[in-house]
Amino acid sequence: SQQGEEDPQALSIQEGENATMNCSYKTSINNLQWYRQNSGRGLVHLILIRSNEREKHSGRLRVTLDTSKKSSSLLITASRAADTASYFCATDARDSGAGSYQLTFGKGTKLSVIP
Amino acid sequence: DTAVSQTPKYLVTQMGNDKSIKCEQNLGHDTMYWYKQDSKKFLKIMFSYNNKELIINETVPNRFSPKSPDKAHLNLHINSLELGDSAVYFCASSTGDTQYFGPGTRLTVL
């Protein structure tokens, strides 16, 4: 069953503004990851936050994790037109054995950054 | 150089046909995956292989059969294609937590 739920489903902002996307999940996790998908392309890993971390930064990205609320947020600061894409959270709830990590993805937030 | 590659990029076929999608990764990863992304962008895992052994096999019709000739390749064969199989299929690989995705194969069943 689906684990992550992103909110909002779609977000449209002006270039230079900040974009915040949220993700809620249902079960305990080992880590939570955010991926970006440009139109017609595969997913690209952005950032990973472990269950014992509360906040993580990578360039213009800031991710928070609240395990008590089972939620995470992705903040993109000073957005650019090139940030236009769909963003997915993925939770890693268990190791299925032999090094295989089963990620469960949400439905994604479609971000449009208007130049 | 492309890290995870898939062929073909587009596949249009008639209902009832059998087709294959190929995936190769040059990252030296031990684990490979197949995902299906439906028209609503929902991405769901289908299979996972680690060192050529099947690890994850989600509830997928047995018309779908993955084959891993070596740890750098994971192919997906689909028998008796149905309209509902139309989707984008992604291959991915990993050596740990992070997964690296291929560009996807858009399958359209007419």
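Everything below is about the structure shown above.
Conventions used here
- Residues numbered from 1 in each chain as written.
- Chains lettered and ligands numbered in written order.
- Predicted model: local features only at pLDDT ≥ 70, side-chain atom pairs only at ≥ 80, totals over all residues.
- Heavy atoms only, no water.
- Helix = DSSP H or I, 4+ residues; strand = E, 2+ residues; numbered from the N terminus.
- Buried < 20%, exposed > 50% of the residue type's maximum accessible area, 1.4 Å probe, protein only.
- Contact = heavy atoms within 4.5 Å.
- Areas by Shrake-Rupley, 256 points an atom, 1.4 Å probe, with all protein chains shown as cover.
- Lys, Arg positive; Asp, Glu negative; His and termini not counted.
- Charge placed at Lys NZ, Arg CZ, Asp CG, Glu CD.
- Pairing = 2+ DSSP bridges.
- Axes fitted to C-alpha atoms, helices over the stretch in contact; angles between N-to-C directions.
- Salt bridge = Lys/Arg side-chain N within 4 Å of Asp/Glu carboxyl O.
- Disulfide = S-S within 2.5 Å.
- Phe/Tyr/Trp six-rings, centres within 6.5 Å; stacked < 30°, edge-to-face > 60°.

Draft legend 1. Molecular detail of the overall build of chain B. Looking only at helices and strands, chain B has zero helices and eleven strands in total. The secondary structure elements of chain B, listed N-terminal to C-terminal, are β-β-β-β-β-β-β-β-β-β-β. Among the 110 residues that make up chain B, the fraction classed as buried is 48%. Once local pairs closer than 6 in sequence are excluded, the contacts in chain B between residues at least 24 apart make up 53%. Accessible area for chain B stands at about 5300 Å²; split by element, carbon and sulfur atoms hold 48% of it. Across chain B, 12 positive and 11 negative side-chain charges occur, with their mean positions spaced 7 Å apart.

Draft legend 2. The sheet that holds strand 3 (residues 19-24) of chain A, seen in detail. Residues and elements named next belong to chain A. Sheet architecture is open: five strands sit in the order 1-3-8-7-6, paired in antiparallel fashion. What marks the edges here is a single partner per strand, and that holds for strand 1 (5-7) and strand 6 (55-58). Across this sheet, the average inter-strand angle for adjacent strands is 20 degrees, counted without regard to direction.

Draft legend 3. The sheet that holds strand 1 (residues 4-7) of chain B, seen in detail. Residue and element names in this part refer to chain B. Taken together, four strands build an open sheet; the order of strands is 1-3-8-7 and the sheet is antiparallel. If you trace the sheet from one side to the other, it starts and ends with strand 1 and strand 7 (64-70), each paired once. With strand direction ignored, the average angle separating the axes of adjacent strands in the sheet is 20 degrees.

Draft legend 4. Expanded view of the pattern of salt bridges. Residues and elements named next belong to chain A. Scanning all chains against the criterion turns up seven salt bridges over all chains. In this structure, R62 and E55 form a salt bridge, with 3.1 Å as the shortest nitrogen-oxygen distance. Classification of E55 by relative accessible area gives partly exposed; the value is 42%. Linking D83 and R60 is a salt bridge whose minimum nitrogen-to-oxygen distance equals 2.9 Å.

Draft legend 5. Representation of the pairing of strand 7 of chain B in the model. All names here are of chain B. Both strand 7 and strand 8 (residues 73-78) contribute to a ladder of five bridges, which runs antiparallel. For P66, the partnering residue across the bridge sits in strand 8 and is L76. The hairpin turn running from strand 7 into strand 8, its antiparallel successor, is two residues long.

Draft legend 6. Representation of the state of the cysteines within the structure. For the coordinates displayed, the defined rule picks out two disulfides over all chains. Shown here is the disulfide that connects C23 of chain A with C89 of chain A, its sulfur atoms set 2.0 Å apart. Around the S-S axis, the bridge from C23 of chain A to C89 of chain A shows a dihedral of about 65 degrees and counts as right-handed. A residue pair is termed long-range when its members are at least 10 positions apart, and C23 of chain A in strand 3 and C89 of chain A in strand 9 (residues 85-95) qualify at 66 residues. As far as the burial class goes, C23 of chain A and C89 of chain A line up, both buried. The disulfide partner of C23 of chain B is C91 of chain B, and the S-S distance across this bridge is 1.8 Å. Because the torsion about its S-S bond is -75 degrees, the bridge between C23 of chain B and C91 of chain B counts as left-handed. Note that C23 of chain B is positioned in strand 3 (residues 19-25) and C91 of chain B in strand 9 (residues 87-94), a separation of 68 residues in sequence.

Draft legend 7. Layout of the packing of aromatic side chains. Under the counting rule described, the total for this entry stands at eight aromatic pairs over all chains. Plain terms: the ring middles of F105 of chain A and F101 of chain B are 6.0 Å apart, the flat faces sit at 80 degrees to each other, and that makes the pair edge-to-face. A residue pair is termed interchain when its members come from two chains, as with F105 of chain A in strand 10 (residues 101-105) and F101 of chain B in strand 10 (residues 99-101). Look at F101 of chain B and you get buried, because its relative accessible area is 10%. Judged by centre distance (6.3 Å) and plane angle (35 degrees), the rings of F64 of chain B and Y89 of chain B are tilted.

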